[in-house]
Amino acid sequence: MPAKKDKLSLLREYLGNDDQQIKEMLELFLQNIPNDLNELSLVCKKNDIDSIQKTAHRLKSSVRFFGLDDVATLLQQIEISSKEQPDFEQLDKLTKQINKLMEQELIRFEKMLSLF
Amino acid sequence: MAGTKRPLKIFVVEDNLFYGELLKRHLSLNPDNEVYLFKTGKECLDHLYQKPDLISLDYGLPDIPGDKVLKKIKADYPELPVIIVSGQEDIKTAVSLLRGGAYDYFVKDDDTKDRLWNAVNKIRQHMNLRDELDVLKDEIEQKYAFRNVIKGSSPALKKVFALMEKAIHSNITVSITGETGTGKELVAKAIHYNSPRAKNPFIPINVSAIPNELIESELFGYEKGAFTGANTRKIGKFELAEGGTLFLDEIAEMDVNMQTKLLRVIQEKELTRIGGHEVIKTDVRLIVATHCNLAEEVKKGNFRQDLYYRLLGLPIELPPLRNRGLDIILLAKYFAEQYCKDNGLEQKIFTKAAQDKLMSYNYPGNVRELAAIVELAAVMSDGKYIDESHITFNSSGLPSDILSEEITLDGYNKKIIRYFLEKYDGNVVKTAEKLGIGKSTLYRMLKTKNI
């Protein structure tokens, strides 16, 4: 059983408390999230507003399932800002903040995965 | 099929690989769901030939906007339920998508899982009911495949088959005549269930079984408050048979006033419910039946000539069983086989003497009477064989060889009265009318002659 059970509660609800399925979805998350974060940084550098909004939205859907509410809130801010009058400096700051938070969280989730 | 439900084929269209996989796995928790994941609108559209039962569609797809994907799906598969799952709560978009044919609109939030699960279950129930309905319709069609309904190979019956074929492949009104028990309603059903109208209702109504004052409301319906006791609106048989067939049995018994109203509806192809103003268009095929000679009834002034010609259409005369030769044996074997099968009995064989006895009778009650005779014989026979001793004819039937029995005039009277009483379900008024005597005379005879 993973140590931080509460972070996976929503996932458990979706997957009928099936540990094998939870493990597989955690693996999928850990496999995809670095690419998504890279993509967010890249589109921010390019000031590609449409892609920033779409990537932030996609990331937000995923992180919510792992109880990463702080990260989800920051992604929401990016999404809203990019819809209105985008402040690219601010967006870059938010992206960096997300990357930093996720760096720590990903280590935690790797550990969690090893406990399955 | 009713016992073996097919899986519900669900397409999940979601560009977020993680979320899509999660929805797929969640819906797959029910082993009766068969879930496929597609990342783009194009992938989904390319696989529609696989005929999904339901699509969960992400509104914000990278290649084609959700509303366009929905439009394309609905153009080819208007009945296919599509649930839109959107990242944004946008009432205007939701309304427009629902108007465009979406089954529902969900925002991605903590409730999405439950809402989707419930919607899927609801669609499954609907699909199962639809499947069961299709199976039942097929069973009915099979049951009324007309060679299964009317058994026999006599020349008289072959003529009937040829006419039924013509009736099946046209929309013409059919008038069926024949003695009681010859299977007029079965022929009407067989024509309907083999015709292009088979998927729509077959509505039978026995005119002689409904009092004159009620027949109009039965046929055309009424509005709430049309008369005392009309507490709710009633839909008439004509409307119930929309797109299908209305079978008017014993049409000769219809009151002359009602005949005028029926003629108007047939001519105009529209009706108005009693107490209503709305003119309702009708598309109903008519099949009528009678044991009387309608042309004779026209001559006597009991039946409107113009209605007679409207209803005559394709006349099919069902031969009495006594004119169907060896069909009697063929039918007897069929009834015995069915009866033994239904009651878990060993199959029975008719001896030569039993067959001769069956062929010697005139069957005033026709096929219905033969079925009853055979069932009784199957019960009476203990072994494998049905012998002549097991076959009993119903003496209350009006025998055509009535004079073969040398009995008194009083005896003949009793026999005739019993026959008509049984024919009209004990209705003394009708029996008196048919025998051309007063009802009090009949009551007196019943009392004094101990009938």
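Reading the values: the criteria
Residues numbered from 1 in each chain as written. Chains lettered and ligands numbered in written order. Predicted model: local features only at pLDDT ≥ 70, side-chain atom pairs only at ≥ 80, totals over all residues. Heavy atoms only, no water. Helix = DSSP H or I, 4+ residues; strand = E, 2+ residues; numbered from the N terminus. Rg over C-alpha atoms; globule rule 2.2 N^0.38 Å. Buried < 20%, exposed > 50% of the residue type's maximum accessible area, 1.4 Å probe, protein only. Contact = heavy atoms within 4.5 Å. Areas by Shrake-Rupley, 256 points an atom, 1.4 Å probe, with all protein chains shown as cover. Lys, Arg positive; Asp, Glu negative; His and termini not counted. Charge placed at Lys NZ, Arg CZ, Asp CG, Glu CD. Domains from an automatic or database assignment. Patch = residues over 30% accessible without salt bridge, like charges linked within 9 Å, V, L, I, M, F, W, Y side chains within 5 Å. Salt bridge = Lys/Arg side-chain N within 4 Å of Asp/Glu carboxyl O. Pairing = 2+ DSSP bridges. Axes fitted to C-alpha atoms, helices over the stretch in contact; angles between N-to-C directions. Buried area = accessible area lost by both parts, 1.4 Å probe. Core = buried A, V, L, I, M, F, W, Y, C linked by side-chain atoms within 4.5 Å. Parallel < 35°, antiparallel > 145°, perpendicular 65-115°, else oblique. Left-handed = near helix turned anticlockwise from the far one by under 90°.

**Things to note about the overall build of chain B**
- Each helix and strand in chain B was counted, giving 19 helices and 16 strands.
- Computed over its C-alpha atoms, the radius of gyration of chain B comes to 31 Å, more than 25% above the 22 Å expected for a compact globule of 451 residues.
- Taking the principal axes of the C-alpha coordinates as reference, chain B spans close to 95 × 60 × 40 Å.
- Put simply, chain B has 451 residues, and 46% of those count as buried.
- Considering only residue pairs separated by 6 or more positions, chain B has 66% of its internal contacts joining residues 24 or more positions apart.
- Only carbon and sulfur atoms are counted for the fraction: they give 51% of the accessible area of chain B, which is about 23400 Å².
- Both charge centroids of chain B, one from 64 positive and one from 64 negative side chains, sit 3 Å from each other.

**Remarks on the domain arrangement of chain B**
- Under the domain assignment used here, chain B contains domain 1 (8-139), domain 2 (147-317), domain 3 (321-390) and domain 4 (402-448).
- Between domain 2 of chain B and domain 4 of chain B, the C-alpha centre-to-centre distance is 31 Å.

**Considering a negative patch on the surface**
- A contiguous patch of negative charge, built from Glu89(B), Asp90(B), Asp109(B) and Asp111(B), is present on the exposed surface.
- As for its position among the elements, Asp90(B) is in the loop between strand S4 (82-86) and helix H4 (91-99).

**Regarding the sheet that holds strand S7 (residues 202-206) of chain B**
Residue and element names in this part refer to chain B.
- Taken in spatial order, the 5 strands make up an open sheet running S7-S10-S13-S6-S14, and their pairing is parallel. Each having just a single partner strand, S7 and strand S14 (314-317) make up the two edges of the open sheet. Within the sheet, the average angular offset between the axes of one strand and its neighbour, ignoring direction, is 15°.
- Contacts from helix H8 (residues 184-193) reach strand S6 (174-177), S7, strand S10 (245-249), strand S13 (285-290) and S14, with the element oriented near 160° to S7.

**Focus on the interface of chain B and chain A**
- The interface of chain B with chain A comprises 18 residues on the first partner and 21 residues on the second.
- Both faces considered, chain B and chain A share a buried interface measuring about 1800 Å² in area, 61% of it formed by carbon and sulfur atoms.
- There are 2 salt bridges connecting chain B and chain A.
- In this structure, Arg25(B) and Glu24(A) form a salt bridge, with 2.7 Å as the shortest nitrogen-oxygen distance.

**Side note on the nonpolar core**
- If you look at the biggest cluster of nonpolar residues, it comprises 55 residues, and the most contacted ones within it are Leu11(A), Phe29(A), Phe66(A) and Met102(A).
- At 11 residues, helix H2 (residues 19-45) of chain A tops the list of elements feeding residues into this core.
- Excluding its chain neighbours within four sequence positions, the residues that come into contact with Phe29(A) are Ser62(A), Val63(A), Phe66(A), Leu68(A), Met102(A), Leu106(A), Phe109(A) and Phe18(B).
- If you look at the next biggest cluster of nonpolar residues, it comprises 31 residues, including Met254(B), Leu263(B), Leu286(B) and Cys292(B).

**Details of the sheet that holds S4(B)**
All names here are of chain B.
- One open sheet holds the 5 strands; their spatial order is S2-S1-S3-S4-S5, and the pairing between them is parallel. Edge strands, defined here as strands with exactly one partner in the open sheet, are strand S2 (33-38) and strand S5 (104-107). Taken pair by pair, the neighbouring strands of this sheet meet at an average axis angle of 20°, ignoring direction.
- Where strand S3 (residues 54-58) and S4 come together, 4 bridges link them in parallel fashion. Bridged to Leu 57 within S4 is Ile 84.
- Taken strand by strand, helix H1 (residues 17-27) contacts strand S1 (8-13), S2, S3 and S4, and its axis lies near 175° from that of S2.

**Section: the packing of H2(A) against helix H3 (residues 49-64) of chain A**
Residues and elements named next belong to chain A.
- Interaxial distance between H2 and H3 falls to 9 Å at its minimum, and their mutual angle equals 155°. Accordingly, the angle class assigned to the pair H2 and H3 is roughly antiparallel. As for how H2 packs across H3, the hand of that crossing is left-handed. Along the contact surface, H2 presents Phe 29, Ile 33, Asp 36, Leu 37, Glu 39, Leu 40, Val 43 and Cys 44, while H3 presents Ser 51, Ile 52, Thr 55, Ala 56, Arg 58, Leu 59, Ser 62 and Val 63.

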